[in-house]
Structure formats: C-alpha cells, structure tokens
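# Descriptive analysis of the structure
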Amino acid sequence: MNDSTCLPDGVIEMMAWGTDAGADSRRHLEQCAACRERLEQAKSDSALLREMVAAGSRPREAPTEIPGYELHEEIHRGSQGVVYRGVQCATRRAVAVKIIHQGALASARQRQRFERETELLATLRHPNVVTVHDGGRTRDGGFFLAMELLEGRTLEEALEAAAIDGVGTPRRRAELRRTLALFADIADGVAAIHRRGIIHRDLKPQNILIDLGGVPHLLDFGVARAEHDDEPGGVLRTLTGEFVGTLAYAAPEQVAGDPRLVDIRADVYALGVILFRMLTRRPPYELAGSLASVVEAIRSLEPPAPSHFNPAIDKELDRVVLQALAKDPARRYESAGALERDLRRYLAGDPIDAMRGGRLYLLRKALARHRAAVVVAVIAVLTLAGYGAAMAYLYAKATAANQARMNSLDAVLRIVQSEDLHRRIDEETAERLLARIEQSLRGNLMDQAADAWPHFRELGLRQLRRGDPAAALRQFETALDMVRVADASNRAAVADLLHQRGRAEWFLGRYPDALGSYQAALDLERQLGGSESEAVAASLTHLGATLRALGRLDEAEAAQRQALELRRRLHGVDDARYGASLNNLGVLLRERKRHSEALALFEDALRIARRGGAGTEGLGASLHNLGLEQATLGHMADAERSLGEALEVKRRELEDDHPSVVSTRNELNRVRAAAAAAQSPATAPTMPPAQE
Amino acid sequence: MIDVTRTTTLLLEGLHDRGDAAAWSEFDRRYRPILVGFLRALGANEIDASDVAQETMVEFLEGYRAGRYDRGRGRLRTWLMSIGRTQLALARRRAARRRDQGRGAEDIDATASKVADPSPEDDALWEVERRRTILREAFERLRAASASDGRTLEAFELMIFRAVPPAAVAAELSMSMDDVYQAKSRITQRLRSHIAEVERAFEGDGE
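Just so we're clear, the structure is a prediction, and the values are computed from it rather than from any experiment. For every chain, the first residue of the written sequence is number 1, and numbering continues from 1 onward in sequence order. Written order decides the labels, with chains lettered from A and ligands numbered from 1. Residue-level local features of this predicted model are given only where pLDDT is at least 70; pairs of side-chain atoms are given and counted only at 80 or more, and the full residue set underlies all totals for whole chains, interfaces and linings.

### Some words on the overall build of chain B
Looking only at helices and strands, chain B features eight helices and zero strands. Every C-beta atom is placed from the backbone, and the number of other C-beta atoms within 10 Å of a residue's own sets its class: buried at 20 or more, exposed at 12 or fewer, partly exposed in between. Counting every position in chain B, which comprises 207 residues, the buried fraction comes to 36%. Taking all contacts inside chain B whose residues are at least 6 apart in sequence as the whole, residues at least 24 apart take part in 69%. Under the scheme used here, helices are H or I runs from DSSP no shorter than 4 residues and strands are E runs no shorter than 2 residues, and both carry numbers assigned from the N terminus. Whether two residues are in contact is decided by their C-beta atoms, placed from the backbone, lying within 7 Å.

### Digging into the sheet that holds strand E7 (residues 208-211) of chain A
Residues and elements named next belong to chain A. The pairing criterion for strands is at least two bridges between them, as found by DSSP. If you walk across this open sheet you meet the three strands as E6-E7-E8, and the pairing is antiparallel. Sheet topology places strand E6 (152-154) and strand E8 (216-218) at the edges, where each strand pairs with a single neighbour. Ignoring which end each strand starts from, the neighbouring axes of this sheet average 30 degrees apart. Pairing analysis gives three bridges linking E7 to E8, with the strands arranged antiparallel. Bridge assignment links leucine 209 to a residue of E8, and that residue is histidine 217. As a rule, the C-alpha atoms of each element are fitted with a line to give its axis, helices using only the stretch in contact, and angles between N-to-C directions run from 0 to 180 degrees.

### Quick word on the pairing of strand E4 (residues 132-137) of chain A
Residues and elements named next belong to chain A. Within E4, five of the six residues are buried, leaving the element largely enclosed by the surrounding structure. By the bridge criterion, five bridges tie E4 to strand E5 (residues 143-148) in an arrangement that is antiparallel. Counterpart to valine 132 in the pairing with E5 is methionine 147.

### Notes on helix H8 (residues 177-201) of chain B
A helix is expected to span 1.5 Å for every residue after the first. With 25 residues, H8 of chain B extends 36 Å from end C-alpha to end C-alpha; this agrees with the ideal 36 Å at 1.5 Å per step. If you check which residues of H8 of chain B are buried, you get Val180, Tyr181, Ala183, Lys184, Ile187, Thr188, Leu191, His194, Ile195, Val198 and Ala201 of chain B. Where H8 of chain B is buried, its residues meet helix H1 (9-16) and helix H3 (33-54) of chain A together with helix H5 (120-145), helix H6 (150-160) and helix H7 (166-172) of chain B.

### With respect to the packing of helix H6 (residues 173-195) of chain A against helix H10 (residues 264-280) of chain A
All names here are of chain A. Running from N to C, H6 and H10 cross one another at 165 degrees; their axes reach a closest spacing of 11 Å. Comparing their axes, H10 and H6 come out roughly antiparallel. Handedness of the crossing formed by H6 with H10: right-handed. Of H10, the residues touching H6 (which contributes Thr179, Phe183, Ala187, Val190 and His194) are Ile264, Asp267, Leu271, Leu275, Met278 and Leu279. Among the residues making up the contact of H6 with H10, the classes are represented as eight nonpolar, two polar and one charged. Under this scheme an angle from 65 to 115 degrees is roughly perpendicular, one under 35 degrees roughly parallel, and one over 145 degrees roughly antiparallel; angles in between are oblique. Each crossing is labelled by how the near helix is turned from the far one, with a counterclockwise turn of less than a right angle marking it left-handed and a clockwise turn marking it right-handed. We call Asp, Glu, Lys and Arg charged. Ala, Val, Leu, Ile, Met, Phe, Trp, Tyr, Cys and Pro are nonpolar, and the rest, Gly among them, are polar.

### Focus: the packing of H5 of chain B against H8 of chain B
For any two helices packed against each other, the geometry is given by the interaxial angle and the distance between the axes. All names here are of chain B. Relative orientation of the contacting elements H5 and H8 amounts to 125 degrees, with a least axis distance of 8 Å. Taken together, H5 and H8 sit at an angle that is classed as oblique. Where H5 crosses over H8, the handedness of that crossing is right-handed. Along its contact with H5, which presents Ile134, Leu135, Glu137, Ala138, Phe139, Arg141 and Leu142, the element H8 presents Arg190, Leu191, His194, Ile195, Val198 and Glu199. Residues of the contact of H5 with H8, tallied by class, amount to eight nonpolar, one polar and four charged.

### Observations concerning the nonpolar core
Residues Val97, Ala187, Leu271 and Ala324 of chain A are the most contacted members of the largest nonpolar core, which totals 140 residues. Ranked by the residues each element gives to this core, the list is headed by H10 of chain A, at 12 residues. In contact with valine 97 of chain A, not counting residues within four places along its chain, are Ile66, Tyr69, Leu71, Val83, Tyr84, Gly86, Phe144 and Ala146 of chain A. Grouped together as the second largest cluster of nonpolar side chains are 25 residues, Ala44, Ala53, Leu88 and Leu125 of chain B included. Working definition: the nonpolar core is a set of buried Ala, Val, Leu, Ile, Met, Phe, Trp, Tyr and Cys residues, joined through C-beta atoms within 7 Å.

### Some thoughts on the confidence of the model for chain B
Residues and elements named next belong to chain B. When pLDDT is averaged along chain B, the result is 80; 87% of the residues meet or exceed 70. When pLDDT is averaged over each element of chain B, H8 comes out on top at 89 and helix H4 (residues 76-101) at the bottom at 80. Contacts from residues 101-115, a stretch scored under 50 in pLDDT, to residues over four places away or in other chains number 12 contacts. This prediction of the complex comes with two scores: 0.42 for pTM and 0.83 for ipTM. Every residue carries a pLDDT, the predictor's confidence in it, which falls somewhere between 0 and 100.

### Concerning the pairing of E7 of chain A
Residue and element names in this part refer to chain A. Summarising the sheet, E6 and E7 pair through three bridges and their orientation is antiparallel. Residue pairing across strands places arginine 153 opposite isoleucine 210, the latter belonging to E7. Counted between consecutive antiparallel strands, the loop separating E7 from E8 contains four residues, among which glycine 214 sits at a positive phi close to 85 degrees.

### Quick look at helix H28 (residues 595-610) of chain A
The end-to-end C-alpha distance of H28 of chain A is 22 Å, a good match for the 22 Å that 16 residues give at a rise of 1.5 Å each. Phi turns positive one or two residues past the end of H28 of chain A, at glycine 612 of chain A, with a value near 100 degrees.

This is the structure we're talking about:
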C-alpha cells in the first residue's frame, strides 16, 4: 500500500476493532494525522457501541422466534411485552402476537396461571372479548399469545378525544342510549370471562378496544399481573408503579391488600367506574395525594350520583351506577352479568333490580308484575287505612258485590289479591295511595294495631328473604311500635320482633344496633320461658354472629358454644338446628384460625345436613364451609370435591349468578388454580391451535 | 420512551403537584430501571429487585411529597440509593422471617426503617446503571427515529448485535462495503446526539 494514500474505511474499522491491518497501514497511520483522527473516532464509536450492547439494548426481536407465526411490525410496546402484527403461517390469518417479557412471568405459578387462562380463553368465542387463537412458548423460552387482530381505538382514547372535542357527555337521550348499549356490551364480555372462572382484575378503558364498527372488545386479561394480586398489598405494588391514576379502577377490597377478598365483584366495581366515566366524562372521585390517602379515598369516599354531573341521567340510572360502585362487595351487583341485565332492563324501560330498596319503587314494580310479596304490603297498609281515602278509592273501583264485603279484612285481602289489581291502579294512583296511607298510619289508626302488626312482621320477613333489609327494618319497627301500643302484654311478640329487628340491622351492617336488639330479645326470652328454649338459642346464635362481626371474638365464641349446648339438649345431635350451630361455631373458629377444630365442626354439620333436615341451603353451606377449611389445611383434592358438590347443590335451587353460587364457584376456581400450581409440571403443555 | 422535554429537575417539581400524574409516571420510567439494576448489583435476584424497586419508588414518592427530601440538602440519587438499600434489607429480613415461621401473617414495617447512608461504591454502581439506562433509552429513540431508514438500521443491527462481518452484511443487504461502514458511523453519530439529549433530560439527579 502506498504510504501517501489514506486508509479506506474498511481498514480503519478493522483496526478500530483491534484487528491487525498489516505493516503498511501502521506505517501510513504514523504519518497521517487525518487517518489517526479517523481511527480514534472509529475506536471511540466501537467502544460506545460495545457499551451499548452490554447495557442490554436489543435489536428488534427476530421474526422467526415463534413457531408457526411470521411477525411483522411492532404495534404496541407495553410494560408486559410487545405486540406485533403477524400472520399465522398455516392459515395465513392476520393476527396480533403479544410476546410477554420473560420477567413478566417470573415464577412457576405465574407461568402456570398464564397457560391455564390462555387455554380457557382460547376456547371462548364472544363478540366482546378479543379472540385468543393460540398461546405458548417462544423458541427462546418466552411466552406469546396470538390474538385476533383488531383495529380501532381504545375506550380511553375515545373518552379523551370526546372530552377534548367538548362533545363528550352524553346528554341527549339517543346519545345516552348508545353509550349504555356500548357499555352493556362491555359488561357482557366481562360476564363471559367470569363464566370461565377468570377474574379480569385490570379492567380499565385502556384495556377495551372499540373497533372500526364501534364494537367493544376486552383486551389484556391481566394474566401476567395476576401473581402480584395474590400477595398482600399486591395490587398497590403493581399499580403504583405504573401510574397512580390506574388505581381509580381498583375496588376497595383490591386496595385493602387482602387478596382473599377479591372475586369477580372487583370487576363489577371497575365496570362501575368505567360506566361513571362514560356517562359523565369524569371519574367518581378525584384521587390525589399520597398513596395512603388515595387508598383511603377508594375505601371510604362515597361516590356522588352521576346525575350530579350530567342532568340527563335519571334516578334509576344513578342507582345502577352506584350499586356497581358499592364499597361493600356484598352490596354490589353479584356479577357483571347482573349489572348488564339490569342495564338492559333499564334500556327496555323495565323495572331494575338496583331500585329494589325503594318502597315506592317496590310497590310500583309489584303492581306491574303482581308479585305476592307486595300484595302483602298493600294489604297491611290498606288494613290500617281503614275507611280512609285510599280505601274509598278501592271501594269505588270494586264491584258492588265486593263492596259489600269490604268491611272485613278478608275481603280486602281478596280484592287486592285479585288478578286485575294492577290494571285498576296505575302507578301514579298507587303513589298517592301510599302517601295517604302513611299519613293515616301516623294518625289515628293505632287502635287497629293489634290486628295489623302480624302483617308488618310477615312483610318484613319476606323482604328480608328477598334481600331488602332496609325495608324489612321499617316493617319490624312499625310492628314493634304497634305491639307496644296495642298489645303490650304480648312480650313473646315483642321479643320475637326485637330478634327480627336485630336480623335486619345485622344485614344492614349496623352491628352495634343489632347487638342491642339481640340482647334485649334475649333478656325478654329468658324472663318469659327461662333459658331452655329454642328462641333463646336462636338469639344466642345471632348474638354470637354479631359479636364476631364486631371483633369481640371471645364473647362470640362463648355465645356460640352456649347456643350449641342448648340446642343439643333441646333437639339432640341429629337436628338441623344443632347442625346450624355447629356450622356457626365453625365459622367463628375458622376466623380465629383454629382450623382443625373448625374442620371437625363442619364435618359434623355436613353429616347432619346430609340427613336432609337442613334443606339444600344448609347442605350447600356446610359443603362450602367444609371445602374452604379443607383448602386452608391444604387438602386440595378434598376441597375440590366438597366445593364441587356445594356448587352442584346450590345450583339446584339458585340461579347461576346468585351471590351464593358465585361465591362457591369463585372458591372452587381458586382451589383448582392452587392445585394446578402446586403440581407445576416441568414442561408446560403446548396448546393446540383453536378450531374456528 | 422517556419524555425528554422535561428534565428531572422539572419532574421533581411536578411531583409536588398532585394532579400531575404524568410527572410520576415519567419519573418512574427513568429511575425504576436504574434502581432495579442497582439492586441487582447489590445481589438481589430479578424478582426481589423488581419488588424492592417498587417499594422504593413508592416510599420515595410519599416521603418526597411529605417534604422529607429537601433538594437543597441532598441528591436524588442518594435518596433513592438509601431507600433502596434499606428496603432491600427489610425484604431480606422478611424473607428470613418467612423461612423461620413458615407461612404466617406477616407484618411489614417499612416506615419504621432507618435510612442507610450509601457508600462510594454505591455511587459507582449507580453511575454504571444510570449510564446503561441512558444508553438503552438513547438506542430506543434512535430506532424509533430511524424507522424510515430501515436498511441503514438493519445493516447496523446485523453488524453490532449479531456480529455479522461487514462483507456479509453488504452481501445480504445488497449494499456496498462503503455503505455498510457509513451506516455504522452515521448511526453512531445519531446515537451520540440521542445520548446527549437523554443526558440533558436526566439533568438534576446527580450533583
């Protein structure tokens, strides 16, 4: 090489990487300042690049890493992984392929869950849930999901865009209906995954894609984040890392940090927040401040009615949203399906479940449907109204023959129970009637109280059974007032009504009130018949449950043991009431973490329940509790069997989304997941491609 | 990718504004990876490092908002290192306790912790992780910005990441050798400017 000719780039590069380029090149370099500078630059470039590679920068993933798929461009890069546009080789179908970072599925349990849920999702076809075609391992040991390729924008983007355009809040009726219909589809999708036993856990507008045809699809099932959610404080740890705002969709029980409390109703809550935002373009509460104060807000701030921000929203819709957002999961819709059905009822103009609590609404609904329970309410009220305006109205409407008989209670009963009552009284009239009747009640009709109070008691019991303790409480209080005024010597009635009042208070969560009621009932019962009566045992049991709810566990245990002993003496060891007491004591001991004692009690309770005396309700509860205890003690196969039978028993009498059924199904799924995780096979099964 | 228009100093101001959720997520995006690397360098495994980094970030945010960290009297990196070290020690203690007791209810007393002072070695570890984070970020930005220049980038990646010899790269992509070398030096120059840009955004966490 000629010394005066500058070195070509290739030679400079070789030298920069430390390769000897020969004597000529070295000689040239000694003479040529320009080439020395080029070499220095190239060396420094190479050092920088080596440093960059060492820093963990990676090129784009090679398109051949997933067997059976071609990967094209990147669509989205998130915290869990990267989504590519791709093609399934066998079918030439365009798909979205999500490659999950290895770190996102770090533990064997997470991988187990990922595979189980992918498998469940791969068999699910629902218009509002993104279709998962396939899932499994990549060549380098990572994980992937092949999904239906959807185009559109996320609900979050849609909400933000609408907010910016200033056309956001749906105020016109047609807009409102479109919004609700869209939401009902989303809830339907959530209900579908719930039916597969999957809790989404991460529902938020970012995870809902509205396709170009306006159809919503659920994405991102939170499979990868599920692990953290199973640890105390897990949700917080997962969520705060991203963005505190995501907490807006977390249910109170999720931020409470006890994963045992989280079931599908956490998704119902998230849906409530989403619906609130869709209707008002704002979150139910502003979450700001320290993490602790945000958590506190989620747990304690009552959400305002959405109508406060959007006057187009009526009371009924308010109730739907607020019921989805209830702090206590027990007060929420029991499933996404229940929420969805109520919304569709609302859209169709039918009475909604969320309004059940309202007395007037109840009457209206009953008049529309002619339900027996409400007829009793009407009877009770009409009886008291006597010859008031309300009665006169009915009287006027009744046939002449009926008029003659209306002076007797029985006659009124027959008339109001007659088939065509609902046709004779329209809703407005019923409303007026009720107002008049209440007025009369407070006035001069207490002299009829002696006859009337059993009706109120009966009505209260029905309302309690139907799950309306607030209304029931009013009936019991009215009945109690009546007995005290009109029939004060009837102390057995007073004791009974005190007990019933305690039950209503208990269901409402007013434990200190309930405690007072039960104690008063118990005192009275003991005065009346001594300590040896079933009434005393019943009150003791309820007192025990109330003390437990108040955290006074020693006293609770004493009360339950007293009740158990009393029932054994009164009814013997094969009686269903004795079984109920065994069960109650078991629940308490379970809470006190005395698991083997609890297990023995549940087993004994089940023995009695299997004899049939406790009815299916008692049998289902015994099996459920036994299953929980077996799971706690690590007897997974037993637990699965008990819970499976509990589910079967409950489903004989209850609907699929009844809270009791849902709760057992949740427990069963949890046990199955835990059992599957415990096995943790060395090699993960690959999934067959889903059939179309 | 990070938002280079906000320096760390600006982010720290933003953290005081509770409505500024973007400040927190941006701050988190920058410093969590450094923390994870730092904790791994201290011997934590991948899962523990990510858990402890999470706890550290939250602890820092709460303390910072509560005024426990005064920028006039300390450096951001010192705070994060101290909290990180302390949280790691707590996590190890918890793990040890769990091993001792089997699976019991555990009480977490992170707030009652004393903050350990970082050593000069810590500083060096931190600096390494910070540099690595900046490089990774710069490369991501580079890749996003070079998307329209696909062949140049591809040549570069084959050479740098897959160690394909320049001649083979030239043959595979039907480029001249000269083009291949130029690709490397052009991309490297761009990388340098991205590094400088990211460095500027990280301003305010050190001295």
